[in-house]
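# Inside the fold
Chain by chain, the residues:
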Amino acid sequence: NSCTNATLVPIAVSDSLGKTTLTLNPLSSGEHSIIKNHTGKTIDVQTTTIDAYAAKTKHKPTLIKIDVEGAELLVLTGMKRTLASARLKTVFVEASNLKNARIMVKTFNQHKYRVFVIDEMAKRHYPYELSVCSRMINRNGYVNLIAIKK
């Protein structure tokens, strides 16, 4: 694409520094995951956390987008300092299931974020409600949330 203000970093974001196994989806390169949710070739990859990456690079993000094919709770665990930062204002996250969505909403609420459910088909968002999340997951297989600092 023609994005000029982003840098590709070949490392997986998780809850710890080290290595993990990335399972490659043979049908879609956008669905590779460090959570084994399909069969496919695997490769070992380096991991970092959002907190460690931000400290190392001196980045102070104002917006974070998380779409990690089931590993969203690992990513949130590795960004506790970043979530608590006054600088971070918005987090977009795709939740792969209702359990993960509920845990993420609880985490966002603890850090003083308002959470909304994004309905892509209707092109609108709703204040978080479990029933709306459930409907999105049943329809799409995932739910997109946006958390905005209060």
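The structure this text deals with has already been given above.
Here the structure is a predicted model, which means the values were calculated and not measured.

Turning to the environment of V132, a few remarks are in order. With respect to the secondary-structure elements, V132 resides in helix α5 (residues 130–140). The sequence separation of V132 and I118 amounts to 14 residues, and the corresponding C-alpha distance is 9.4 Å.

Attention shifts here to the nonpolar core. A general feature of soluble globular proteins is that nonpolar side chains tend to end up buried together. Judged by nonpolar contacts, the single largest core of 25 residues is most densely connected at I66, M79, L83, F108, V143 and L145. Contributions of two or more residues to this core are made by β4 (63–66), α2 (72–77), β5 (90–95), α4 (98–110), β6 (113–119), α5 and β8 (143–149). Setting aside chain neighbours within four positions, we find V143 in contact with V93, E94, A95, A101, V117, C133, M136 and I137.

Moving on, we come to the layout of surface pockets. Here the largest pocket is characterised by a volume of approximately 1,000 Å³. Every residue lining the largest pocket is counted, 23 residues in all, and those nearest its centre are T7, V9, V13, Y53 and K65. Looking at the lining of the largest pocket, the elements with two or more residues in it are α1 (50–57) and β4. Here the element with the most residues in the lining of the largest pocket is β4; it accounts for four residues. When the residues that make up the lining of the largest pocket are grouped by side-chain class, the tally is 16 nonpolar, five polar and two charged.

Working note: regular strand, side chains alternate between the two faces of the sheet. The sheet contact formed by strand β1 (residues 12–13) and strand β3 (residues 42–48) spans two bridges and is parallel. Within β3, the position partnered with V13 by the bridge is T48. As defined by bridge partners, strand β2 (residues 18–23) adjoins β3 across six bridges and the pair is classed as antiparallel. When the sheet's bridge partners are listed, T21 is paired in β3 with D44.

Basis of the calculations
Residues numbered from 1 in each chain as written. Predicted model: local features only at pLDDT ≥ 70, side-chain atom pairs only at ≥ 80, totals over all residues. Heavy atoms only, no water. Helix = DSSP H or I, 4+ residues; strand = E, 2+ residues; numbered from the N terminus. Core = buried A, V, L, I, M, F, W, Y, C linked by side-chain atoms within 4.5 Å. Buried < 20%, exposed > 50% of the residue type's maximum accessible area, 1.4 Å probe, protein only. Contact = heavy atoms within 4.5 Å. 1 Å grid on protein atoms, 1.4 Å probe; cavity = no way out; pocket = protein on both sides within 12 Å on 5 of 7 lines; lining within 4 Å. Points joined across faces, edges and corners; volume = space filled by probe spheres on them. Nonpolar A, V, L, I, M, F, W, Y, C, P; charged D, E, K, R; others polar. Pairing = 2+ DSSP bridges.

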